[in-house]
Amino acid sequence: MSSQVRLLVVMDPIETIKPAKDSTLAMLLAAQQRGWQILYAEQKDLWLRDGTAYGRLAPLRVFDDPAHWFERGAYQIGRLGDCGAILMRKDPPFDTEYIYTTYILNRAQQQGAVVVNDPQGLRDMNEKVYTAWFPDCCAPTLITRDMGDMGEFLREHGKAVCKPLHGMGGRSIFVLEEGDKNRNVIFETLTDYGSRYAIIQRYLPEILTAGDCRVILVDGEPVPYALRRVPDSADNRGNLAAGARAESRPLNERDRWLCSKIGPPLRAAGMIFVGLDVIGDFVTEINVTSPTGIRELDKKHSVDIGASLMAAIARILRAA
């Protein structure tokens, strides 16, 4: 089967990635190791014609070399449904164009391809809002447009984290304490004066000592180590893109309990590669669009998370 699998990756321009840290590259290296044919496309290369999903697809070879990490062949038009599997690895923003792309991928799925992650799940599972499906796993959380309710939540908990529902990489995350004179302007900015939803969560002080930990689920099962992202002393954010320090730790009993609650329903929904953000005892986000962390954990613990993902995709293809 290995030589017959055609794997299409939909991603941001491969020229722009940081190969030493890029999780998508790690996945593609694992697929190539299995002898699979890799095809490449960007969001702009996909379309629907009379109900059929098509793309301009280029053959791709990848290398674990920071100076020369890919070779791309000539583009050809092909039916997306003829691919064995499609990796949707386009980074947010999760905007209307992203949603339209998931519709195209839905048609590819209906026409024969296995899509990772499932396009409907990508639409349904906003990475911050979807925590509401697992309230026993999460810290107190309010999602609202009402600035007065946000202020009351802050008074109730004394300290809180506020952020937009569409952000990534630590953008527009604010930590507020009761009495902070900036709170009103922050609520106004995040909700656009009450015209859009934002999220506010109880502040978890464990982020300063234990970090913001990324727990990776592959087909519902956790990788045994968490990527521990510790904020810089001058910052509150546990995001590598915002300057946090990357460490790691073995999963603890609480991590495994969280995974046992969240992993099975995500797997049932076709969400095969997921990143849980865990601070202390609680999940703060469920990342389903293009979770990262593979390269750091592979390097620190001599694991091969990309290979585990390809093995999961192979099982799904055999069962299809």
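Sequence order as written defines residue numbering, which begins from 1 separately in each chain. Local features in a predicted model are, by the rule used here, given only for residues with pLDDT of at least 70; side-chain atom pairs are given and counted only at 80 or more, and totals for whole chains, interfaces and linings are based on all residues. Values reported for side chains reflect all heavy atoms of the structure, with hydrogen atoms and water molecules removed beforehand.

Following the sequence through the fold, T191 ends up in helix α5 (residues 183-191). Polar contact is the term for a pair of N or O atoms within 3.5 Å; when the atoms are in protein, one must be able to donate a hydrogen and the other to accept it, and sequence-neighboring residues count only if both atoms are side-chain atoms. Side-chain polar atoms of T191 contact the backbone nitrogen of G194, separated by 2.9 Å. Apart from the residues lying within four places of it in its own chain, the contact partners of T191 are T144, R145, M147, M150, R196 and A198. In this description a helix means any DSSP run of H or I spanning at least four residues, a strand means any run of E spanning at least two, and both kinds are numbered starting from the N terminus. Here a residue-residue contact requires only that any non-hydrogen atoms of the pair lie within 4.5 Å.

With that out of the way, let us pick up the pattern of salt bridges. For side chains bearing opposite charge, pairing can occur when the charged atoms are close. Salt bridge criterion: a side-chain nitrogen from Lys or Arg within 4 Å of a carboxyl oxygen from Asp or Glu. Tallied over the entire structure, the rule returns 21 salt bridges. The salt bridge partner of D219 is R267, with a shortest N-O separation of 3.1 Å. Remark: R267 occurs in helix α6 (residues 253-268) and D219 occurs in the loop between β13 (212-218) and β14 (221-222); sequence separation between them is 48 residues. For D219, a relative accessible area of 7% translates into the label buried. Only protein chains enter the accessibility calculation, which uses a 1.4 Å probe. A residue is then buried if its area is under 20% of the maximum for its type, exposed if over 50%, and partly exposed in between.

Taken together, the buried positions of helix α7 (residues 294-301) are occupied by I294, R295, E296, L297 and D298. Buried residues in α7 make contact with α1 (23-33), β13, β15 (225-230), β16 (245-250), β17 (273-279) and α8 (305-319). Backbone geometry just after α7 places S302 at a positive phi near 55 degrees.

To continue, consider empty space enclosed by the protein. Lining residues are those with an atom within 4 Å of a point, where the points come from a 1 Å grid over the protein atoms alone and group into cavities, where a 1.4 Å probe fits but cannot get out, or pockets, open sets with protein on both sides within 12 Å along at least five of seven lines. Grid points are joined across faces, edges and corners, and a volume is the space filled by probe spheres set on the points. As enumerated under the stated definition, the model contains 1 cavity of 30 Å³ or more in all. Its boundaries defined by the atoms lining it, the largest cavity holds a volume of some 40 Å³. If you go around the largest cavity, the residues you meet are M27, L87, M88, R89, V116, N117, F273, V288, T289 and P291. Per-element tally for the lining of the largest cavity: the top contributor is strand β7 (residues 85-89), with 3 residues. The class makeup of the residues in the lining of the largest cavity is 7 nonpolar, 2 polar and 1 charged. Under the scheme applied, nonpolar residues are Ala, Val, Leu, Ile, Met, Phe, Trp, Tyr, Cys and Pro; charged residues are Asp, Glu, Lys and Arg; polar residues are all the others, including Gly.

This paragraph deals with helix α4 (residues 147-157). Residues of α4 that are buried: M150, G151, F153 and L154. One side of α4 holds all its buried residues, which, seen down the axis, span an arc of 160 degrees. For α4, the elements touching its buried residues are β9 (141-144), β10 (159-164), β11 (174-177), α5 and β12 (198-202). Of the residues flanking the start of α4, the one acting as N-cap is D146, its side-chain oxygen 2.9 Å from the backbone nitrogen of G148. Positive phi shows up at G158, right after α4, with a value of about 85 degrees. Read the arc as the range of directions from the helix axis to the C-beta atoms.

Within a beta sheet, neighbouring strands are joined by backbone hydrogen bonds and run either parallel or antiparallel to one another. One open sheet accounts for 4 strands, arranged β9-β12-β10-β11; its pairing is antiparallel. Sheet topology places β9 and β11 at the edges, where each strand pairs with a single neighbour. Averaged over neighbouring strand pairs, the angle between their axes works out to 25 degrees when direction is ignored. Relative to β11, α5 is tilted by about 145 degrees, and along the sheet it contacts β9, β10, β11 and β12. One bridge is not enough; two strands pair if DSSP finds at least two bridges between them. Each axis is a line fitted through C-alpha atoms, taken for helices only over the stretch in contact, and angles between the N-to-C directions span 0 to 180 degrees.

Coordinates in, geometry out; function isn't part of it.
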